[in-house]
Amino acid sequence: METLTKYLAVAGGGAAGAVLRYYLGGSALARAAAPFPTATFVINVTGSFVIGFFLTLAGERVYVNPHVRLAVAVGFVGAYTTFSTFEYETDRLLGDGEWLAAAAYVALSVFLGLVAVRCGVVLARGR
């Protein structure tokens, strides 16, 4: 029963993350700065923040039930973040000859994703 509960936690979190990702991908955010994939960019940066904040908070400051930890870190963030989409969109930009947009997309996503993780860690630690 314990194993089933873990899978259900991941599935529930994954469903919520996937729905939010789908919603943001179809929002005005997706068309904000075409051809730059703004929605995927925002999803990756906010997902980086959420995982940094949540796992630091859960690991260092407050007790979080292991099933909730799975639901959020593996399920929700795993379904919400879009690294494979990021790679595909980068390839599409390159294929379309949008070299500058592709380079900006990769550099900004990696840099701001790392900054977002660090901000989440610092905020969770309260320092």
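The structure this text deals with has already been given above.
Residues take numbers from 1 onward in each chain, read along the sequence in its written order. Owing to the predicted nature of the model, reporting of local features is limited to residues with pLDDT of at least 70; listing and counting of side-chain atom pairs is limited to 80 or more, with chain, interface and lining totals taken over all residues. The side-chain quantities take in all heavy atoms of the structure and omit both hydrogens and water.

A.B. asks: Hey, could you run me through the environment of G14 in this one?
C.D. replies: Numbering of helices and strands runs from the N terminus, with a helix taken as a DSSP run of H or I at least four residues long and a strand as a DSSP run of E at least two residues long. With respect to the helices and strands, G14 occurs in helix 1 (residues 2-25). Under the relative-accessibility criterion, G14 is labelled buried at 15%. Between the C-alpha atom of G14 and that of R118, which follows or precedes it by 104 residues, the distance is 24 Å. Residues within four places of G14 in sequence aside, it is in contact with G75, F76 and A79. Only protein chains enter the accessibility calculation, which uses a 1.4 Å probe; a residue is then buried when its area is under 20% of its type maximum, exposed when over 50%, and partly exposed in between. Contact definition: two residues touch when any of their heavy atoms are within 4.5 Å.

A.B. asks: Would you explain unusual backbone geometry in this entry?
C.D. replies: Negative phi values dominate among residues other than glycine, just as trans dominates among peptide bonds. Residues A34 and P35 are joined by a peptide bond in cis, for which omega reads 10 degrees. With respect to the element layout, P35 can be found in the loop between helix 1 and helix 2 (38-61).

A.B. asks: Could you clarify how one ought to interpret the packing of aromatic side chains in this entry?
C.D. replies: Aromatic ring pairs: the centre-centre distance and the angle between the two ring planes describe each pair. Working definition: a ring pair exists when centres of Phe, Tyr or Trp rings (six-membered ring for Trp) sit within 6.5 Å. Plane angles under 30 degrees give stacked, over 60 give edge-to-face, the rest tilted. All told, the structure shown has six aromatic pairs when counted by the stated rule. Aromatic pair F83 and F86: ring centres 5.2 Å apart, planes at 40 degrees, arrangement tilted. Taken together, the residues F83 and F86, both in helix 4 (residues 83-95) and three residues apart, mark about one turn of the helix. Each member of the aromatic cluster is reached from another via a ring pair, and the members are F36, F41, F83, F86 and Y105.

A.B. asks: What should I look at first to understand the pattern of salt bridges in this one?
C.D. replies: Any two side chains of opposite charge can pair, on the condition that their charged atoms come close. A side-chain nitrogen of Lys or Arg and a carboxyl oxygen of Asp or Glu constitute a salt bridge if their distance falls within 4 Å. Counted by the stated rule, this structure contains one salt bridge. The partner of E60 in a salt bridge is R125, with the nearest N and O atoms 2.6 Å apart. Highlighted residues: E60 in helix 2 and R125 in helix 5 (residues 99-125), separated in sequence by 65 residues. R125 gets classed as partly exposed once you look at its relative accessible area, which sits at 28%.

A.B. asks: I would appreciate a short explanation of the packing of helix 4 against helix 5 in the present structure.
C.D. replies: The angle between the axes and the distance between the axes are what describe a pair of packed helices. The N-to-C vectors of helix 4 and helix 5 enclose an angle of 155 degrees; their axes lie 7 Å apart at closest approach. Taken together, the axis directions place helix 4 and helix 5 in an arrangement best described as roughly antiparallel. Considering only the axes of helix 4 and helix 5, their crossing is left-handed. Here F86, E89, T90, L93 and L94 of helix 4 come into contact with helix 5, specifically with W99, A101, A102, Y105, V106 and S109. Axis geometry follows a simple rule: fit a line to the C-alpha atoms, using only the stretch in contact for helices, then measure angles between N-to-C directions, giving values from 0 to 180 degrees. Just so you know how the angles are binned, under 35 degrees is roughly parallel, over 145 roughly antiparallel, 65 to 115 roughly perpendicular, and the rest oblique. We call a crossing left-handed when the near helix sits turned anticlockwise from the far one by less than a right angle, and right-handed when that turn is clockwise.

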